[in-house]
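Coordinate inspection notes
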Amino acid sequence: MTQSPYPHDPYSSPQSETSQPAGSQQPAFSSPQSAQQAPRAAGGSSDQAPDQPAPGTAGVYDGPLSGEPINRSDSRLWAMLSQLAVGLGHVVSWGFLGWVGPLIIFLIYKDRDRFVRYHSAEALNGAIAVLIAQVVLTVVITILTVITLGLGSFLFPLVGIPALLQLIFAIIGAVKANQGEYWNYPLNLRFVK
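I will try to describe carefully the structure that is included in this document. These numbers were taken from a predicted model, which means no experiment stands behind them. Residue numbers run consecutively from 1 along every chain, following the written order of its sequence. Local features are withheld for residues below a pLDDT of 70 in this predicted model, meaning they are given only at 70 or higher, and side-chain atom pairs are given and counted only at 80 or more; totals for whole chains, interfaces and linings count all residues. The basis for every side-chain value is the complete set of heavy atoms in the structure, and neither hydrogens nor water enter the calculation.

1. Points about the packing of helix H2 (residues 72–93) against helix H3 (residues 100–109)
Following both chains from N to C, one finds H2 and H3 inclined at 155 degrees, their axes separated by 7 Å at the closest point. Here H2 lies roughly antiparallel to H3, going by the angle between them. Contacts from Trp-78, Leu-81, Ser-82, Ala-85 and Val-86 in H2 reach Gly-101, Pro-102, Ile-105 and Tyr-109 in H3. Classes in brief: Ala, Val, Leu, Ile, Met, Phe, Trp, Tyr, Cys and Pro nonpolar; Asp, Glu, Lys and Arg charged; the others, Gly included, polar. In terms of residue class, the contact of H2 with H3 is made up of seven nonpolar, two polar and no charged. Lines fitted to C-alpha atoms define the axes, with helix axes restricted to the stretch in contact, and inter-axis angles between N-to-C directions lie between 0 and 180 degrees. Each helix is a run of DSSP H or I of at least 4 residues and each strand a run of E of at least 2, with the numbering of both proceeding from the N terminus. For classification, angles of less than 35 degrees are called roughly parallel, those exceeding 145 degrees roughly antiparallel, those between 65 and 115 degrees roughly perpendicular, and all remaining angles oblique. Any two residues whose heavy atoms approach within 4.5 Å at even a single point are treated as in contact.

What follows is the structure, encoded as structure tokens:
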């Protein structure tokens, strides 16, 4: 019987089935861990998230990642969910809580996957920028309304425009994340990297 390429993995199967004794049974399944480790050992990364963005992509963390890596499908899923969480926050709170979901995902995956870190940071930065823009617009329109004795109150719907823009950007970002692409928001402040 040929020895497993992963001696510490209890679920890994031997490399050759022909050298097994006739009466022995091989497990009908292998663990997800051994399936994830196989491409790494072979030098390929077909199951891993894309680790290198296109040159010139702003906001990508280029330091080392210390956590346990996740597979490509999970990476795409969490990157997409970090973008969609912004939309959920905007729908629930008209833009004021769009930062909560991306922040949670960023804190969980920032040391595990560069792709998820990038998309959650991009969504988080956009949500923080929207929050700042909405507070500034609210203050300015309130002052204008007081000065004009109430005539400026028709401008209050403008407070929702930054949230609407980021909702559109978050949907595009979710599609790009699901496709495995790094994508920058056209307008964004980079507080978190």
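2. Things to note about helix H4 (residues 114–147)
Here H4 spans 49 Å end to end across 34 residues, near enough to the 50 Å set by a 1.5 Å rise per residue. Two N or O atoms form a polar contact when they lie within 3.5 Å of each other; inside protein one atom must be a possible hydrogen donor and the other a possible acceptor, and for residues adjacent in sequence the pair counts only when both atoms belong to side chains. Among the residues of H4, the N-terminal cap falls to Asp-113, whose side-chain oxygen and the backbone nitrogen of Phe-115 are separated by 3.1 Å. With its phi angle positive at about 55 degrees, Leu-149 sits one or two positions after the end of H4. Take the residue count of a helix, subtract one, and multiply by 1.5 Å to get its expected span.

3. A few points about the layout of surface pockets
Gaps left between atoms are located by rolling a probe of water-molecule size over the structure's atoms. Using only the protein atoms, space was sampled on a 1 Å grid; points where a 1.4 Å probe fits but cannot get out form cavities, open sets with protein on both sides within 12 Å along at least five of seven lines form pockets, and lining residues are those with an atom within 4 Å of a point. Grid points are joined across faces, edges and corners, and a volume is the space filled by probe spheres set on the points. Reported here for the second largest pocket is a volume of approximately 150 Å³. Lining the second largest pocket are Gly-126, Ala-129, Val-130, Ala-133, Pro-162, Leu-165, Gln-166, Phe-169, Tyr-185, Leu-187 and Asn-188. Residue assignment for the lining of the second largest pocket shows that the elements contributing at least two residues are H4 and helix H5 (161–178). For the lining of the second largest pocket, the per-class residue count stands at eight nonpolar, three polar and no charged.

4. Considering the environment of Ser-75
Take Ser-75: it is sitting in helix H2. The buried label applies to any residue whose accessible area, calculated with a 1.4 Å probe on protein chains only, is under 20% of its type's maximum; exposed applies above 50%, and partly exposed to all values in between. Overall, the relative accessible area of 0% leaves Ser-75 in the buried class. A C-alpha to C-alpha distance of 9.2 Å links Ser-75 and Tyr-109, two positions 34 residues apart in sequence.

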